[in-house]
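Below are the chains, spelled out letter by letter.
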Amino acid sequence: MGFEARNSGLSEKRNQIIGRIEEDLAKDKNVLGLFYGGSIGTDQTDPYSDIDLRVVIKDKSISLSSI
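Residues numbered from 1 in each chain as written. Predicted model: local features only at pLDDT ≥ 70, side-chain atom pairs only at ≥ 80, totals over all residues. Heavy atoms only, no water.

## Things to note about the overall build of the chain
For step 1, the next point in the chain: A tally of regular secondary structure across the chain gives three helices and two strands.
For step 2, the next point in the chain: Across the 67 residues of the chain, 13% fall into the buried class.
For step 3, the next point in the chain: Summarising the internal contacts of the chain: among those between residues at least 6 apart in sequence, 52% fall at separations of at least 24.
For step 4, the next point in the chain: For the chain, the exposed surface amounts to about 5500 Å²; the carbon and sulfur share of it is 53%. (Helix = DSSP H or I, 4+ residues; strand = E, 2+ residues; numbered from the N terminus. Buried < 20%, exposed > 50% of the residue type's maximum accessible area, 1.4 Å probe, protein only. Contact = heavy atoms within 4.5 Å. Areas by Shrake-Rupley, 256 points an atom, 1.4 Å probe, with all protein chains shown as cover.)

## A look at the environment of Thr45
For step 1, the next point in the chain: Topologically, Thr45 is positioned in the loop between α3 (38–41) and β2 (53–57).
For step 2, the next point in the chain: For Thr45, a relative accessible area of 38% corresponds to the partly exposed category.
For step 3, the next point in the chain: A C-alpha to C-alpha distance of 8.5 Å links Thr45 and Ser11, two positions 34 residues apart in sequence.
For step 4, the next point in the chain: The residues contacting Thr45, other than those within four sequence positions of it, are Arg14, Ser39 and Ile40.

Structure representation (structure tokens):
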């Protein structure tokens, strides 16, 4: 498999990952919202774009010591 064939599916794989992230976070009662930054946030993605995700959580819902 060449690079072109491999790279042709990267955007679709990224979209699948984004969908799964959103499904999981939508179920979390401590998550108030989420938004995307970077190229996804400005709708300027290419096949190599990463996922810059910001998650807004309830105040004091987690402790940094538990991470």
